[in-house]
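# Observations on the model geometry
Next come the chains, spelled out residue by residue.
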Amino acid sequence: MDHRIREVFREVFDNDEMEIWDDMAAKDVLEWDSLAQVKLIIGLEEEFGIKFTTHEVAEMRCVGDLRETLLRKGIAE
Amino acid sequence: MLRNLWQQCREHLNAFVIQHNFEILPADPYGRLSAVLKGGRARLLRQINLELWNAEQEGTGIAILDVDQIAAIYGKTSWSDPVLWHVAKQYPSPDAIPLLVSHQVALLRAILGLTAKCLVLDLDGILWGGVIGEDGLSGIKLGGGEVGDSFVAFQHYIQSLQRRGIILTVCSKNNEEDAKLPFGSHPEMILSLDDITMFVANWRPKNENLQLIAETLNIGLDSLVLVDDNPAERAWVRQQLPEVEVPEMPNDPAQYIDAIDRQMYFETLSLTKEDRRRVESYRENVQRKVFETMSTSIEDFLTGLQMQVELKPFDEANLPRIAQLINKTNQFNLTTRRLSEIQVRSLIDRPGVYTRSMRLRDRFGDNGLTGVLIALEEGDRIRIDIWLMSCRVLGRRVEETMLGGLMRYARDRGLRYVIGEYIPTPKNGLVSDLFDGLGFECIEEEPNGARKYLWALSKKVFMEPGCFQLVDQTR
């Protein structure tokens, strides 16, 4: 799952070398503005074939939260 | 308030404005009352949208993108996603964006004048089911049943396009006789041969015929839309002529209308008399071209055209067209001097100024006002200050008739010389040797290529070509 999440981040931020880690959040990436946020949500929904609920998105504070949400939604490790 | 914003855009940004209208949302606490009640949200939004259409009609440099209709086409229940709206302010849902964009692009094409102009129709499998060359009139499917009826419906749609100003042509691999048979002989046929501007039926490759159609109609390949039910033909044309639009056609003729309509090839901003006239004037051009290929010599061709030239001093009625020609013509333009409409008006009836507009008619129709000549008397000579012709009428020797009119005038006034000038531009190389070819003497040449020419009226008589009937309206 991690490499799939990373691919989405790399695509949204147009950076082939980008790395992600568990407590990575918007404050850690200069270009992570609201537009990037929209692209991430849409990109992740497309990659994993799922739809986030409002509650899920509101509660996601970092990449680690994202991982947990995906696991809860039945995405395989 | 919106009008104010549009005006600001136009004045300060010099921009054409595309205004989206408002989607009438599917969810409403008032339900159907939202449209029934005077103050209902749905009713108000519909009224606002109607006002937006009215504003576009005022011709103020705006166009409305019908988001309400686009959302309906997509399906309003999936058009907006409330989750994405709340978490990211995203509207509409990402899956709907391609449809929104395709409508936006169609509108942009309309604004930029890039819409297609001409439908190129295959016959078998498109206008009727079956193959006319093999099944004959009674064997093809047209009307009289489920399949036949869908072809009739498609013909109705195509005919409406033609009435709107879209040119129809036929391009079919068939014997011409077989191909034309249903037009006029089949009782369920909607289209007539009159609706078809150019009828091409032969066994040559389709890309060659498409090029012939484009050349004859004098339009770009990118103005053509090919409708063909044969996937191999479609693939071939796409490969050979990538500029031609070739829509995918479904297997079921009942879906043909949708297949073409959905592509929005022909969106425009307005419908003018010129649009409706366009089909007629293209037909006239085709007839001229056909006649040209049939003539055995240029002389025969020109004489056979039965051209009538009308020369007239400038007048108020022709002023806009004259000014348009003076400012738009680049190729057949000896001096490329531009004048405003006010400046042109000041030349009307002015002493010492010779003005003539030229209108050309031939046996196929009226080419319109297509030539302008302005000459100024300077002592014993008269100098051609502005001389231009629309590229529509090049190669017909009309320019000689215009010059002849000036020569006669100069003689009548007792002048001794006619002076011509050529001022080179990147676009008027066509006429760099015009005066030389007409028999003028070059008396001055500048390093930049500008030339001055002389015609001594006492020494030479100007011979006009005999293929014209001249109507010279001198006051």
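Before any of the text, the structure's been laid out above.
Here we come to the overall build of chain A. Looking only at helices and strands, chain A has four helices and zero strands in total. Its helices and strands taken in sequence order, chain A reads α-α-α-α from the N to the C terminus. Across the 77 residues of chain A, 17% fall into the buried class. For chain A, contacts bridging at least 24 residues in sequence account for 58% of all contacts bridging at least 6.

All right, on to the packing of helix 1 (residues 2–12) of chain A against helix 2 (residues 34–48) of chain A then. Residue and element names in this part refer to chain A. Where helix 1 meets helix 2, the axes come as close as 10 Å, and the angle between the chain directions of the two elements is 140°. Comparing the axis directions of helix 1 and helix 2 gives the class oblique. Like other packed secondary-structure pairs, helix 1 and helix 2 cross with a definite hand, here right-handed. Contacts between helix 1 and helix 2 involve Arg4, Val8, Glu11 and Val12 from the first element and Ala36, Lys39, Leu40, Gly43, Leu44 and Glu47 from the second. Along the lines of polarity and charge, the residues of the contact of helix 1 with helix 2 split into five nonpolar, one polar and four charged.

A few words now on helix 1 (residues 2–13) of chain B. Residue and element names in this part refer to chain B. When the terminal C-alpha atoms of helix 1 are compared, their 16 Å separation across 12 residues agrees well with the 16 Å that a helix rising 1.5 Å per residue should span. Counting buried positions along helix 1 gives zero out of 12 residues, so the element sits mostly on the surface. The positive-phi residue at the C-terminal boundary of helix 1 is asparagine 14, with phi of around 50°.

All names here are of chain B. Relative to the assigned elements, glutamate 56 resides in helix 3 (residues 41–57). For glutamate 56, a count of 18 C-beta atoms within 10 Å corresponds to the partly exposed category. Along the chain, glutamate 56 and serine 270 lie 214 residues apart, while their C-alpha atoms are 9.8 Å from each other.

Here we come to the sheet that holds strand 7 (residues 307–312) of chain B. Residue and element names in this part refer to chain B. Strand order in this open sheet of eight strands is 12-13-11-10-9-8-7-14, and the pairing throughout is mixed. Both outer strands of the open sheet, strand 12 (441–445) and strand 14 (468–472), are each paired with one neighbouring strand and no more. Ignoring strand direction, the axes of neighbouring strands in this sheet form an average angle of 25°. Where strand 9 (residues 365–378) and strand 10 (residues 381–389) come together, eight bridges link them in antiparallel fashion. Paired with isoleucine 374 across the bridge in strand 10 is isoleucine 386. Packed onto the sheet, helix 17 (residues 319–328) meets strand 8 (353–362), strand 9 and strand 10 and runs at close to 75° relative to strand 9. Of the strands in this sheet, strand 7, strand 8, strand 9, strand 10, strand 11 (417–422) and strand 14 touch helix 19 (residues 398–412), which is tilted by about 145° from strand 8.

On to the pairing of strand 4 (residues 167–173) of chain B. All names here are of chain B. Here strand 4 lies mainly inside the structure; six of its seven residues are buried. Sheet analysis places strand 3 (residues 118–121) next to strand 4, joined by four bridges and oriented parallel. Pairing of valine 120 across the sheet is with threonine 169, part of strand 4.

Moving on to the nonpolar core. All names here are of chain B. Membership of the largest hydrophobic core comes to 44 residues, with the highest contact counts inside it found for Val120, Leu210, Ile213, Leu224, Leu226 and Val227. Elements that contribute at least two residues to this core include exactly strand 3, helix 9 (146–163), strand 4, strand 5 (196–202), helix 12 (206–217), strand 6 (224–227), helix 14 (256–261) and helix 15 (273–294). In this structure, valine 227 is in contact with Leu119, Val120, Leu121, Asp122, Ile126, Met249 and Ile260, ignoring residues within four places of it in sequence.

Here the focus is the pairing of strand 3 of chain B. Residues and elements named next belong to chain B. Across the two faces of strand 3 the burial is the same, with Cys118 and Val120 and Leu119 and Leu121 all buried. In the sheet, strand 3 pairs with strand 6 via four bridges, with the strands oriented parallel. In the sheet register, cysteine 118 faces strand 6, and the bridge partner there is leucine 224.

Residues and elements named next belong to chain A. For lysine 27, the position within the fold is in the loop between helix 1 and helix 2. Judged by local crowding, lysine 27 falls into the exposed class, with 8 C-beta atoms found within 10 Å. Expressed as a C-alpha distance, the spacing of lysine 27 and cysteine 62, which sit 35 residues apart in the sequence, is 9.8 Å.

How each quantity is defined
Residues numbered from 1 in each chain as written. Chains lettered and ligands numbered in written order. Predicted model: local features only at pLDDT ≥ 70, side-chain atom pairs only at ≥ 80, totals over all residues. Helix = DSSP H or I, 4+ residues; strand = E, 2+ residues; numbered from the N terminus. Buried ≥ 20, exposed ≤ 12 C-beta atoms within 10 Å, placed from the backbone. Contact = placed C-beta atoms within 7 Å. Axes fitted to C-alpha atoms, helices over the stretch in contact; angles between N-to-C directions. Parallel < 35°, antiparallel > 145°, perpendicular 65-115°, else oblique. Left-handed = near helix turned anticlockwise from the far one by under 90°. Nonpolar A, V, L, I, M, F, W, Y, C, P; charged D, E, K, R; others polar. Expected span 1.5 Å × (residues − 1). Pairing = 2+ DSSP bridges. Core = buried A, V, L, I, M, F, W, Y, C linked by C-beta atoms within 7 Å.

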